[in-house]
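# Summary of structural features
Below are the chains, spelled out letter by letter.
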Amino acid sequence: HRPRLGRHKGPRKPRGPALLWVRPPGPPHPGSVAMSGPPGGGRRGRPEDTTGMGKAAMVRNKTSNPQQITAEQLLREAVDRQEKEAKPPKQYIADEDELQMYKVRKRKEYEDVIRMQRQNVGAWVKYAQWEGSQQEFRRARSIFERALHVEYQNISIWLKYLEMEMKNKFVNHARNLFDRVTQLLPRVDQFWYKYAYMEELLGNYAGARGIYERWMEWEPDDNAWLQYVKFEERCKEVEKGRRVMERYVNVRPTQHGFLKLTKFEEKHNNVARARSGFEKGVELLGNELDEKFYMKFAQFEQRQKEMERAQAIYKLALDVLPKGASDELYRAYVSFEKQHGDRDAIEEVVLNKRRYIYEEGIKKNPRNYDVWFDYCRLEESVGDVGRIREVYERAISNKPPVMQKRFWRRYIYLWIYYALFEELQTGDMDKARAVYDAVLKVVPHKQFSFAKLWKIYAEFEVRQLNIDRARLIFGRAIAECSKERIFLDYADLEMRLGNIDRCRKIYEKFLEAHPHNPKAWNVYVDLEDSVGEVERARALCDLAIQQDRLDMPELVWKRYIDLEVSNDELERGRKVWLRLLEKSSHCRVFIAYSEFEASTASSMPNCREALERGIKHFKSEQRSDERAMLLEQWLKLEREHGDEAAVEAVEKRQPKRVKKRRKLPTEEGQPDAFEEYMDYVFPDDKPEQQNLKILEMARMWKARKLAGGVAVPGGEPS
């Protein structure tokens, strides 16, 4: 076919200049939108130019026309006024010579262009396509080959080249081109796609399969493998497609690959292989999987009516995945349990929710030990040993940042609970011992220590019948801790074992470490008294009361007296009391001694003598309150152990409580101030002393009057 090249038909007639014409007044025709020109000729809708200005005509009268036109009329008029685009003329070639001249001219133009712009790919492509349109395919191929020599990696050149060959049904040429380009540019998937598709359209399935096989050797991306599988499905070759899918998963073991594999197997009703694909994905990828894979796995099991397997998959996923990345999975699990679960399953959902809450609390503050305690109790209630150990290990890894004991108290209990869990619930004694050893290394014993920790560790070894190891623990505790509780617990252990000599050594160390602690002396005395060594106990009491400094010496004195009383040595007890009275004159000492004489020794004369001694002592020191207390105690004892005459005599000596006034010290120039107070009046005081008090009061009254300038009748009292 020869192209029809049109000829120019002649010059166009020039158009006259346009005028802006305003419609004359009058109603327009209904439905009419075209604007007709004024009478006098010209094109339709365009008036004649009477100004000679053409398109540049100016409107001189700018006043508004009483008759306005609509926007629609303006738009339609503008469309009518548009000029048509100029089209190139058609050229008709009449003979062979004229055609050859045309081709030579066009080739020269193209060659000039590519000579000046050698890298212009578009010029090469246009040149080759023009040759192809002239049915000059050899020339077109030559041009494409020249272009490939310039830039063989340009994909568009290859695509246009291939398009020309396939469009004109040069199949073998196209195959040769595909083979070349797939060898030169094997990573460009587009050529492989087109090559395989062409062979499939031609019905050459074996050739298409060979192309896919060559392509797969380069291990392309996922889409290439999936296209190969779809090709085999179109060919009804399911087994071959299955083998391709297996190769794909082996080459690219990703989550997407396993999902495609399982979908393929489920589509072809091979449930076992689909399940195996899911399981293989979990085994190989593990931590690389996200919640989407597990949800697909569980939904697959639900479709197969395997609810228990689906539940197990949900639980596995919630355990493996981090909590922040499994929100959708958790919601799907809750929905599944509501539909298919029982009470235990719902409780498991609640447990998982509680775990998530605890995990969030731990993220906010890892050293919130109350949250760790609750978390550990939750896991212990479930009974999963591995998970319990994991939670305990995570908890004890958060040490307090400050070396102060009050910050460590809660933390230490995490270790204690961990060790008790290993001992009582798992029965792993080696693990429990390792926990105790680890916590002893963690605690800074130079700053502070915990007696409870040493005691619990030693008791653990005793329960395991490792007495020597328990002694070593207590010995180490005495060296590093030296707390009162350590000595007492160690001695109690040896006492239960019947090792009295070891107990004595422990108490001696106790006295060396705490010589001012009365409890150290008392427990040693208790030990000697319990084994019948009264003389040793008495000697210890003598040593204790001879100490210059004791925190609470009354406890030692009381224990000394109780020792003598318990052994019926009342005379010795009385001597101890008297020694105590020589050192202390406290009111309570006299009261206690009087009770000892009256109740324990049944010696009212000694009781009266002791009380009389105390009353005289406090009278000399003018301490009325203590004196009144002793008289009240005396009356009580006489009523319990004395006779009526003694009771009557003591009642006569009881004081009376009266109200008195006394002057308060004030600054100079200030008026005198007084306060009222309660005092005791004792009948034992002599009348002369009472008269002297009255005279003294009178003298003070006179002095106040003289200071105020008032005459006093009778003069001074003698």
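The notes below deal with the structure included here.

Parameters and conventions
Residues numbered from 1 in each chain as written. Predicted model: local features only at pLDDT ≥ 70, side-chain atom pairs only at ≥ 80, totals over all residues. Heavy atoms only, no water. Helix = DSSP H or I, 4+ residues; strand = E, 2+ residues; numbered from the N terminus. Buried < 20%, exposed > 50% of the residue type's maximum accessible area, 1.4 Å probe, protein only. Contact = heavy atoms within 4.5 Å. Axes fitted to C-alpha atoms, helices over the stretch in contact; angles between N-to-C directions. Parallel < 35°, antiparallel > 145°, perpendicular 65-115°, else oblique. Nonpolar A, V, L, I, M, F, W, Y, C, P; charged D, E, K, R; others polar. Expected span 1.5 Å × (residues − 1). Salt bridge = Lys/Arg side-chain N within 4 Å of Asp/Glu carboxyl O. Phe/Tyr/Trp six-rings, centres within 6.5 Å; stacked < 30°, edge-to-face > 60°. Lys NZ or Arg CZ within 6 Å of the ring centre and 35° of its normal. Arc of directions from axis to C-beta. Left-handed = near helix turned anticlockwise from the far one by under 90°.

## Describing the overall build of the protein
- Across its full length, the protein holds 33 helices and two strands.
- Buried residues in the protein amount to 37% of all 718 residues.
- Considering only contacts within the protein whose residues lie at least 6 apart along the sequence, 50% involve residues at least 24 apart.

## Describing the packing of helix H23 (residues 484-497) against helix H24 (residues 500-513)
- Packing of H23 against H24 leaves a shortest axis separation of 8 Å and a crossing angle of 170°. As far as their axial angle goes, H24 and H23 are roughly antiparallel. Counted together, Glu-484, Phe-487, Leu-488, Tyr-490, Ala-491, Glu-494 and Met-495 of H23 and Ile-500, Arg-502, Cys-503, Ile-506, Tyr-507, Lys-509, Phe-510 and Ala-513 of H24 form the full contact between these two elements.
- Residue composition of the contact of H23 with H24, by class: eleven nonpolar, no polar and four charged.

## Some thoughts on helix H21 (residues 451-463)
- Helix length check: H21, at 13 residues, gives a terminal C-alpha distance of 18 Å against a target of 18 Å (1.5 Å per residue), a fit within 8%.
- Among the residues of H21, Ala-451, Leu-453, Trp-454, Ile-456, Tyr-457, Ala-458, Phe-460 and Glu-461 are the ones counted as buried.
- Where the residues of H21 are buried, they touch helix H19 (405-426), helix H20 (429-442), helix H22 (467-480) and H23.
- Once H21 ends, the next one or two residues include Leu-465, with phi positive near 65°.

## What to know about the pattern of salt bridges
- For the coordinates displayed, the defined rule picks out 53 salt bridges.
- Note that Glu-165 is salt-bridged to Arg-141, the shortest N-O span being 2.7 Å. With Glu-165 in helix H5 (residues 155-167) and Arg-141 in helix H4 (residues 137-150), this residue pair connects regions lying 24 residues apart in the sequence.
- We note a salt bridge from Glu-301 to Arg-275, for which the minimum N-O separation is 2.8 Å. Here Arg-275 lies in helix H12 (residues 271-285) and Glu-301 lies in helix H13 (residues 291-303), a separation of 26 residues in the sequence.
- What makes Glu-301 buried here is its relative accessible area of 0%.
- Within the structure, one salt-bridge network assembled from shared partners comprises Glu-239, Arg-242, Glu-246, Glu-265 and Arg-273.

## Structural notes on the packing of aromatic side chains
- Evaluation of the coordinates by the stated rule reveals 34 aromatic pairs.
- Considering the side-chain rings of Trp-192 and Trp-215, the 6.0 Å spacing of their centres and the 5° angle between planes classify their relative orientation as stacked. One end of the pair, Trp-192, is in helix H7 (residues 189-201); the other, Trp-215, is in helix H8 (residues 205-216), and 23 residues separate them in sequence.
- Relative accessible area serves as the criterion here: at 1%, Trp-192 is assigned to the buried category.
- Trp-215 sits in the buried class, given a relative accessible area of 0%.
- With a centroid separation of 5.5 Å and 65° between ring planes, the pair formed by Phe-278 and Phe-293 is classed as edge-to-face. One end of the pair, Phe-278, is in helix H12; the other, Phe-293, is in helix H13, and 15 residues separate them in sequence. When sorted by exposure, Phe-278 lands in the same class as Phe-293, which is buried.
- A network of ring pairs unites the aromatic residues Trp-192, Tyr-193, Tyr-205, Tyr-212, Trp-215, Tyr-228 and Phe-231 as a single cluster.
- Seen from the ring of Phe-450, Lys-405 lies directly overhead, with NZ or CZ sitting 5.1 Å from the centre.

## As for helix H32 (residues 644-652)
- Within H32, burial applies to Ala-646, Val-647 and Val-650. On an axial view of H32, the arc spanned by its buried residues comes to 100°, and they lie on one face. Opposite the buried face of H32, by more than 90 degrees, sit the exposed residues Glu-644, Ala-645 and Lys-652.
- Check the buried side of H32 and you find it contacts helix H30 (604-620) and helix H31 (624-641).

## Section: the packing of H13 against helix H15 (residues 327-340)
- Interaxial distance between H13 and H15 falls to 9 Å at its minimum, and their mutual angle equals 20°. Taken together, the axes of H13 and H15 lie roughly parallel to each other. Note on packing geometry: the crossing formed by H13 with H15 is left-handed. In this structure, H13 contributes Glu-291, Tyr-294, Met-295 and Gln-302 to the contact, and H15 contributes Asp-327, Glu-328, Leu-329, Ala-332, Phe-336 and His-340.

Interpretation note: all reported values are geometric properties and have no functional meaning in isolation.
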